[in-house]
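Given next are the chains, with one letter for each unit.
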Amino acid sequence: MPYTAEQTAERLAFAIQKRSEESAITRFQLSLKGIGEMSEKEIVDKVFLSSLSSELLNKSWCMFQVSSTSYSFIQLDSAQKFRKLSGQRLSTLIDS
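Rules of the game
Residues numbered from 1 in each chain as written. Predicted model: local features only at pLDDT ≥ 70, side-chain atom pairs only at ≥ 80, totals over all residues. Heavy atoms only, no water. Helix = DSSP H or I, 4+ residues; strand = E, 2+ residues; numbered from the N terminus. Rg over C-alpha atoms; globule rule 2.2 N^0.38 Å. Buried < 20%, exposed > 50% of the residue type's maximum accessible area, 1.4 Å probe, protein only. Phe/Tyr/Trp six-rings, centres within 6.5 Å; stacked < 30°, edge-to-face > 60°.

### Here's the deal with the overall build of the protein chain
Piece 1. Secondary structure assignment for the protein chain yields five helices and three strands.
Piece 2. When the helices and strands of the protein chain are read in sequence order from the N terminus, they spell out α-β-α-α-β-β-α-α.
Piece 3. Against the globule reference of 12 Å for 96 residues, the protein chain gives a C-alpha radius of gyration of 16 Å, more extended than a compact globule.
Piece 4. Based on the C-alpha atoms only, the size of the protein chain along its principal axes is roughly 55 × 30 × 20 Å.
Piece 5. The 96 residues of the protein chain split such that 29% are buried.

Structural data, given as structure tokens:
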């Protein structure tokens, strides 16, 4: 029986935690096929992906699409270290 988005998020978080025991992982990519394997779903639809993304946020992971069949995952702690830019500052660069 296929896993729910919540269960799949738990499975992913647990698997990455176990894999991180070898070396720390703060970001990774997973194909749509890989997500299907983790959720035991033959067809992974947009509704499931959206729910999975929300559930992963509750587990301190951010998920986003990087190609038609690939998704990236990053720990929120790591993402919060990104440099912050403002739209106003970027607009002034374009307009100058």
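Following the structure, the description resumes.
### What about the packing of aromatic side chains?
Each pair of aromatic rings is reported with the distance of its centres and the angle of its planes.
Piece 1. Going through the model one piece at a time under the given rule, you end up with two aromatic pairs.
Piece 2. A ring pair is formed by Phe28 and Trp61, whose centres lie 5.5 Å apart and whose planes are at 70°; its orientation type is edge-to-face. Here Phe28, found in strand β1 (residues 27-31), pairs with Trp61, found in strand β2 (residues 61-67); they are 33 residues apart in sequence, far enough to count as distant. Of the two residues, Phe28 and Trp61, neither departs from the other in class, the shared state being buried.
Piece 3. Ring centres of Phe28 and Phe73 lie 4.6 Å apart, and the angle between their planes is 5°; on these two criteria the pair is classed as stacked. One end of the pair, Phe28, is in strand β1; the other, Phe73, is in strand β3 (residues 70-75), with 45 residues separating them in the sequence.

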